[in-house]
Amino acid sequence: STVLKHSPKWKNYSTKVEYKPIRSVLVANRGEIAVRVFRACNELGIKSVAIYSKEDRAHIHRLKADESYLVGEGLPPVQAYLNIPEIIKICKDNGIDAVHPGYGFLSERADFAQAVIDAGLRFIGPSPEVVHKMGDKVAAREAAIAAGVPIVPGTDGPVTTKEEAKEFCIKHGLPVIFKAAYGGGGRGMRVVREMSEVEENFQRASSEALSAFGNGAMFIEKFIERPRHIEVQLLGDKAGNVVHLYERDCSVQRRHQKVVEMAPAPHLPLKIRNQMTDLAVQLARHVGYENAGTVEFLCDEKGNFYFIEVNARLQVEHTVTEEITGIDLVQSQIRVAEGMTLPELGIEQDKIKPLGFAIQCRVTTEDPAKNFQPDTGRIEVFRSGEGMGIRLDGASAFAGAIISPYYDSLLVKVIAHSKDLQSACAKMNRALREFRVRGVKTNVPFLLNVLENQKFLNGSVDTYFIDENPQLFN
Ligand code: ADP
């Protein structure tokens, strides 16, 4: 288990930082996260600016901003949002001060962060150097080692041949997991348990990675059996202050993709929580982390935990942390980008006290009866669940909305906040039952099955939960 090299106790850095107000923010994204950021801007009295693809011209995120601009005409739907020169030009032509990347799209592209800064604009996120370092699995692991954070044993760099793969497996033993070196979002992973299957599986995983991410290089890691996915939310400022906002448990995953997230992690021993949060802060200090970010860990049954990656951006599940801490992460991101320090924002480690329990369900337009195939079309009827402790973050959840096949199938994030796991689940269950969605299929029946599962309600699920319980799909 882990031994702290030095205790990263909270201290205020007094470095003077230049404060420069942000008057307008362009969100280089779409859908719910664009609206989430517009809402934060609106409350801060900052002008919000949307970009939209031709496919999104009638999408609500465009209308929720103070201004909006078409991007990527003539480009395919996703490419439209990746057009860096055009996004920068829109900012410059319209006197925009800052850019928020949301999640996905350009959010982890160091070249984008750099282009924003080179254009004289503020990037609401970590520095391009840090985005680059954290996006590079090798560099991120090196930083973790240097900061004293335990990592999963793995290859020192990308592996391209089946011979190298076999060599690793012989040396470190099975099981292992193959991961696309240039992939993400839980895609392109493969677990191997038999030595006779190493070479064939490597070839397959590598050619899948090549077609999905344009590069067949792979990482190999020891596969941690029955892990829980626990991650620590961080916030840093330009003066070098870093705080953690406790942890989230994102173990409920389908095919390595998160479905239900919660904060805090149920039954996490205090000692382990303290080690994890201390190490996450230590890592952030080590790399000079500024703005919001997350350090992800896998935790095994014995209580050992291992660093897997840093997400140098806002995450889909940031909401549950906001609910238990009362801190608006997006507003905080904007404020630190302006040059305000965490103490000036009233955000100090000793004052951050988690309250109760929050859970988020990702309601998607996917049909659980058809192997979660995305459904599209017009929403004919829409009624949502409401009431005490329920928060909805969405952008396309209303009668008349057209669900297109071009983008992510996330319809609305439903967040329930209550005093403990059981009551938050009861609230979520009740709210999801109030939903009426006609015209497109959703995964709500599946989510309700999860919420009624005894193991889930006991707070004792690991990342195998969904795959081991196919009855949840019915
Ligand atoms: P991505 O960047 O594609 O999201 P991650 O490295 O964050 O990939 O891993 C996503 C999920 O895959 C984890 O939450 C976990 O469920 C599973 N996973 C990743 N690495 C391992 C490992 N070494 N052992 C067991 N499970 C793993």
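See the structure printed just above.
This write-up is about the structure you can find in this document. (Residues numbered from 1 in each chain as written. Predicted model: local features only at pLDDT ≥ 70, side-chain atom pairs only at ≥ 80, totals over all residues. Heavy atoms only, no water.)

1. Observations regarding the overall build of the protein
Rules: In this description a helix means any DSSP run of H or I spanning at least four residues, a strand means any run of E spanning at least two, and both kinds are numbered starting from the N terminus. Each radius of gyration reported is based on C-alpha atoms, and the globular scaling rule is 2.2 Å times the count of residues to the power 0.38. Throughout this description, buried means an accessible area under 20% of the type-specific maximum (1.4 Å probe, protein chains only), exposed means over 50%, and partly exposed covers the range between.
Each helix and strand in the protein was counted, giving 16 helices and 22 strands. Here the protein has a C-alpha radius of gyration of 22 Å; the compact-globule value for 474 residues is 23 Å, and the two agree. The C-alpha extent of the protein, read off along each of the three principal axes, is 60 × 55 × 50 Å. For the protein, buried positions account for 59% of its 474 residues.

2. Considering the sheet that holds strand E1 (residues 24–27)
For clarity, the cut-off: When DSSP locates at least two bridges between a pair of strands, those strands are taken to pair.
If you walk across this open sheet you meet the 5 strands as E3-E2-E1-E4-E5, and the pairing is parallel. Either end of the sheet is taken by a strand with one partner, and the two such strands are strand E3 (67–70) and strand E5 (122–123). In the sheet, strand E2 (residues 47–52) pairs with E3 via 4 bridges, with the strands oriented parallel. What sits directly across from Tyr52, in E3, is Leu70.

3. Considering the packing of aromatic side chains
In plain terms, the rule: In this scheme Phe, Tyr and Trp rings, the latter by its six-membered ring, pair at centre separations within 6.5 Å, and the angle between planes marks the pair as stacked below 30 degrees, edge-to-face above 60, and tilted otherwise.
Evaluated as defined, the whole model comprises 11 aromatic pairs. When the ring of Phe223 is compared with that of Tyr464, the centres are 6.4 Å apart and the planes differ by 20°; the resulting orientation is stacked. Here Tyr464 lies in the loop between helix H15 (454–457) and helix H16 (465–468) and Phe223 lies in the loop between strand E8 (218–222) and strand E9 (228–236), a separation of 241 residues in the sequence. Classification of Phe223 as buried rests on a relative accessible area of 12%. Residue class for Tyr464 comes out buried when judged on its relative accessible area of 15%. For the ring pair Phe372 and Phe446, a centre distance of 5.0 Å and an interplane angle of 85° mean the geometry is edge-to-face. Residue Phe372 is located in the loop between strand E15 (366–367) and strand E16 (373–374), and its partner Phe446 is located in helix H14 (residues 444–451); the two are separated by 74 residues in the primary sequence. Pair check on accessibility: Phe372 and Phe446 agree, each one buried. Following the ring pairs from residue to residue traces out a cluster consisting of Tyr81, Phe105 and Tyr407.

4. Observations regarding the sheet that holds strand E14 (residues 357–364)
To be explicit about the condition: In this analysis, axes come from line fits to C-alpha atoms, helices being fitted only over the stretch in contact, and the angle between any two N-to-C directions falls in the range 0 to 180 degrees. Here, two residues are considered to be in contact whenever any of their heavy atoms come within 4.5 Å of each other.
Spatially, 8 strands are ordered E13-E12-E9-E10-E11-E14-E21-E19 in an open sheet, and the strand pairing comes out antiparallel. One side of each edge strand has no neighbouring strand; the edge strands of this open sheet are strand E13 (305–311) and strand E19 (390–394). Neighbour to neighbour, the strand axes of the sheet diverge by 25° on average, direction disregarded. Contacts between helix H10 (residues 270–287) and the sheet are confined to E9, strand E10 (242–254), strand E12 (291–299) and E13, with E10 contributing the most and set at about 115° to the helix.

5. Topic: the environment of Val35
By the secondary structure assignment, Val35 is in helix H1 (residues 31–44). In this structure, the C-alpha to C-alpha distance between Val35 and Ser48, residues 13 residues apart in sequence, is 9.4 Å. When near neighbours in sequence (up to four residues on either side) are disregarded, Val35 contacts His61, Lys64, Gly394 and Ala395.

6. Section: the pairing of E2
Residues in a regular strand project their side chains so that they alternate between the two faces of the sheet. Burial analysis of E2 places 5 of its 6 residues in the buried class, the great majority of the element. Bridge count for E1 against E2 is 4 bridges, and the pairing is parallel. Bridge pairing in E2 links Ser24 to Lys47.

7. Considerations on the nonpolar core
As a reminder, the rule being used: In these notes, a set of buried Ala, Val, Leu, Ile, Met, Phe, Trp, Tyr and Cys residues joined through side-chain atoms within 4.5 Å is what counts as a nonpolar core.
The biggest cluster of nonpolar side chains holds 40 residues, and the ones touching the most others in it are Val252, Val260, Ile359, Leu432 and Phe456. Every element with two or more residues in this core is listed here: strand E11 (257–263), E14, strand E21 (410–418), helix H13 (421–434), H14, H15 and H16. Those residues in contact with Ile359 that lie beyond four places of it in its chain are Val260, Glu261, Met262, Val320, Val414, Ile415, Ala416, Ala424, Cys425, Met428, Leu451 and Phe456. Among the nonpolar cores identified, the runner-up in size contains 33 residues, and Val37, Ala98, Leu235 and Leu342 belong to it.

8. Some points on the side chain of Arg391
Note the threshold: Here a polar contact is taken to be a pair of N or O atoms separated by no more than 3.5 Å, where protein atoms must pair a possible hydrogen donor with a possible acceptor and residues adjacent in sequence count only if both atoms sit in side chains.
Checked against the element boundaries, Arg391 lands in strand E19. Taking the relative accessible area as the measure of exposure, Arg391 reaches 17% and is therefore buried. Within polar-contact distance, the side chain of Arg391 engages the side chain of Glu322 at 3.0 Å.

9. Regarding H10
Spelled out, the test is: By this rule, a helix spans an expected 1.5 Å times one less than how many residues it contains.
Between the first and last C-alpha of H10 there are 26 Å, a value that for 18 residues agrees with the 26 Å anticipated at 1.5 Å per step. For H10, a buried count of 13 out of 18 residues is recorded, marking the element as mostly surrounded by other parts of the structure. Just downstream of H10 lies Gly288, where phi reads positive at about 70°.

10. A look at the pattern of salt bridges
Quick note on the threshold: Counted as salt bridges are all cases of a side-chain nitrogen of Lys or Arg within 4 Å of a carboxyl oxygen of Asp or Glu.
Scanning all chains against the criterion turns up 36 salt bridges. The partner of Lys238 in a salt bridge is Glu290, and the shortest N-O contact between them spans 3.1 Å. With Lys238 in the loop between E9 and E10 and Glu290 in the loop between H10 and E12, the pair connects residues that are 52 residues apart, well separated along the chain. Accessibility expressed as a relative area gives 39% for Lys238, which makes it partly exposed. Between Arg391 and Asp393 there is a salt bridge; the shortest N-O distance is 2.9 Å. Take Arg391 and Asp393: they sit in the same class, and that class is buried.

11. Remarks on the packing of helix H6 (residues 128–135) against helix H7 (residues 137–146)
We count it as follows: The labels follow the angle: roughly parallel below 35 degrees, roughly antiparallel above 145, roughly perpendicular from 65 to 115, and oblique for the rest. Residue classes follow a fixed rule: Ala, Val, Leu, Ile, Met, Phe, Trp, Tyr, Cys and Pro count as nonpolar, while Asp, Glu, Lys and Arg count as charged, and any other residue, Gly among them, counts as polar.
Look at H6 against H7: their axes get within 5 Å of each other, and the N-to-C directions meet at 100°. On the basis of the axis angle, H6 is roughly perpendicular to H7. Contacts between H6 and H7 involve Lys133, Met134 and Gly135 from the former and Lys137, Ala139, Ala140 and Ala143 from the latter. A class-by-class count of the residues in the contact of H6 with H7 yields 4 nonpolar, 1 polar and 2 charged.

12. Focus: the site of the ligand
Cut-off, in case you're wondering: Throughout, near means a residue has at least one heavy atom within 4 Å of the molecule or strand. Note that accessible areas follow from Shrake-Rupley with a 1.4 Å probe, and for residues the cover is restricted to the protein chains shown.
Neighbouring residues of the ligand: 19 residues in total, closest Gly186, Ile224, His229, Gln253 and Glu309. The contact in question runs from a nitrogen atom of the ligand to an N or O atom on the side chain of Lys179, over 2.9 Å. Within the contact set of the ligand, an oxygen atom lies 3.3 Å away from a side-chain nitrogen or oxygen of His256. Burial of the ligand by the protein chains amounts to 94% of its free accessible area of 550 Å². Across the shell around the ligand, the residue classes tally to 7 nonpolar, 7 polar and 5 charged.

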